[in-house]
Amino acid sequence: MEKMWSGRFSAGASNLLDQFNASIMFDRKLYREDIEGSLAHAQMLTKQNILTESEFIQIKNGLKQVKDEIESGVFEWKISDEDLHMGIEKRLTAIIGDAGKKLHTARSRNDQVAVDFRRYVLRKNLEIVDALKLLMSEMLLVASKHTETLIPGMTHLQHAQPINFAFHLSAYLAMFKRDIERFESSHERNSVSPLGCAALAGTPHNIDRDMTAELLGFNSVSVNCLDTVSDRDFALEILFNISTMMMHISRLSEELVLWSSYEFKFIELSDEYSTGSSIMPQKKNPDVPELLRGKTGRVYGSLMGLLTVMKALPLAYNKDTQEDKEGVFDAVETAQISLEILKEAIKTMQVKSHNMSSACKVGHLSATDLADYLVQKCDIPFREAHFITGRAVAKSEELKIDLSDIELKYLQEIDARIGKDVLEFLSIENSMNARTSQGGTSTKRTKEQLEYFENYLKE
Ligand code: ARG
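Quick caveat, the model's predicted, so the values are computed rather than measured. (Residues numbered from 1 in each chain as written. Predicted model: local features only at pLDDT ≥ 70, side-chain atom pairs only at ≥ 80, totals over all residues. Heavy atoms only, no water.)

### Points about the packing of helix α12 (residues 287–310) against helix α13 (residues 325–348)
Move 1: Look at α12 against α13: their axes get within 10 Å of each other, and the N-to-C directions meet at 160 degrees. Judged on the interaxial angle alone, α13 and α12 are roughly antiparallel. Crossing geometry of α12 relative to α13 is assigned as left-handed. Residues V288, L292, K295, R298, V299, S302 and L306 of α12 form the contact with α13, whose participating residues are G327, V328, D330, A331, T334, S338, I341, L342 and A345.
Move 2: By residue class, the composition of the contact of α12 with α13 is 9 nonpolar, 4 polar and 3 charged. (Axes fitted to C-alpha atoms, helices over the stretch in contact; angles between N-to-C directions. Helix = DSSP H or I, 4+ residues; strand = E, 2+ residues; numbered from the N terminus. Parallel < 35°, antiparallel > 145°, perpendicular 65-115°, else oblique. Left-handed = near helix turned anticlockwise from the far one by under 90°. Contact = heavy atoms within 4.5 Å. Nonpolar A, V, L, I, M, F, W, Y, C, P; charged D, E, K, R; others polar.)

So, in structure tokens, the structure goes:
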């Protein structure tokens, strides 16, 4: 099989080399980007009188046929063609003849792959943003029903202060909003066209890089060709952004796993999104959030992989860079299916509000409220109030009750300055609603937050 670059070689490539060297079995995923890139390049070459109008028509029709062949599955992907760029150009030339051989004027595979891969990543940035928005909308629907549903707020995984369930979900909405902003800013920063950089140094042909950038939807043209053909920051950025997003997803997943356990019983995942055990007939397992947690690891692996590939690479293009694609494809596909299944799992889960609020009756969740009462109503310094409250907690433990149920007489025995208005401070609901500071958990503040995210999604 003759190579496109075989001119200076006297012996053919070994089959082993083909297997080792080829990227065609995975970079074929970029066929749309590659064909669109070739079309834009040919259109520009025609305007610049480097190709004739008739050559352009032949190239255009030929590329259309190649695309149809790929999409109908008859296109033959051969590892001897090395990569999709050569596979497609070779087939084009087989269909249209000499005009096909002119397409590669003023370009190189180095700028071609940079264009294709960058455009794939840019497109995926936007698709992931859309999927994140759908997930946020679904979470908002659930949250809007639970602005009064009490749930223990935790630190160190210990009961801390009562919050409401919508407030808890709202914390994840804030994370996902930041994720969206990261994908969007990365898209903006990297919408820069590499086409026309050729191998590394530009080209003596009279090309118009602005024209191809515009045809391909890039916002601008890259500044330095040497940088451009070896720059993979855009790929690292999407890997980092997916990693951070998956880290957020893994935290929510961990909570879904905990909440669906017998020990918590705060939610029940739907049958549709739960799995059974092959041996224990009673089991209903949260495989979905567990896998989401697990898949976070493989995405981090892809990020570390590409960072390491790029480390210490001399300028400009090096074949090492061919290792950039599989990790990104895998991370992107993992991100997309993860967002979709998480949305469905949340949409179909059952929220056990009663169990959430019962759990708030364990662990003296309103202890801080007693201390705050002593400060606000009795003018006691906070440190002293903290100590008095500690004694009230110890008394409740002794009585085997929760602090929110303690009788006034016990509190007054501890400190006579305590009045009967203390009791309303101690109720769990009151405790949650007392946190009215900006960004706090009170139902009113939580509703403001949900409204903020709703407005954000409407923008
Ligand atoms: N298959 C290569 C890659 O994915 C395309 C660019 C190859 N360029 C070269 N001069 N060998 O990176």
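### Things to note about the site of the ligand
Move 1: For the ligand, the full set of nearby residues is S23, D83, H85, R109, N110, V113, Y317, Q322 and K325.
Move 2: Contacts to the ligand include D83, whose side-chain N or O atom sits 3.0 Å from a nitrogen atom.
Move 3: If the ligand stood free it would expose 340 Å²; the protein chains cover 87% of that surface.
Move 4: It is helix α7 (residues 109–144) that contributes the most residues to the shell around the ligand, 3 residues altogether. (Near = heavy atom within 4 Å. Polar contact = N/O pair within 3.5 Å; in protein donor to acceptor, adjacent residues only side chain to side chain. Areas by Shrake-Rupley, 256 points an atom, 1.4 Å probe, with all protein chains shown as cover.)

### Things to note about the packing of aromatic side chains
The description of two aromatic rings rests on the distance between their centres and on the angle between their planes.
Move 1: If you walk through the whole model with that rule in mind, you get 9 aromatic pairs.
Move 2: Relative to F329, the ring of F117 lies with its centre 6.2 Å away and its plane at 85 degrees, an arrangement referred to as edge-to-face. Of this pair, F117 sits in helix α7 while F329 sits in helix α13, and the two are 212 residues apart along the sequence.
Move 3: Judged by centre distance (5.3 Å) and plane angle (90 degrees), the ring pair of F264 and F266 falls under edge-to-face.
Move 4: An aromatic cluster of at least three residues, connected via ring pairs, comprises F117, Y120, F234 and F329. (Phe/Tyr/Trp six-rings, centres within 6.5 Å; stacked < 30°, edge-to-face > 60°.)

### Section: the nonpolar core
Move 1: Of all hydrophobic cores here, the largest spans 87 residues; its most connected members are F176, I242 and V328.
Move 2: Contact partners of F176, with chain neighbours within four places excluded, come to L132, L135, M136, M139, M245, H248, I249, L252 and L342.
Move 3: Among the nonpolar cores identified, the runner-up in size contains 20 residues, and A385, L403, L411 and V422 belong to it. (Core = buried A, V, L, I, M, F, W, Y, C linked by side-chain atoms within 4.5 Å. Buried < 20%, exposed > 50% of the residue type's maximum accessible area, 1.4 Å probe, protein only.)

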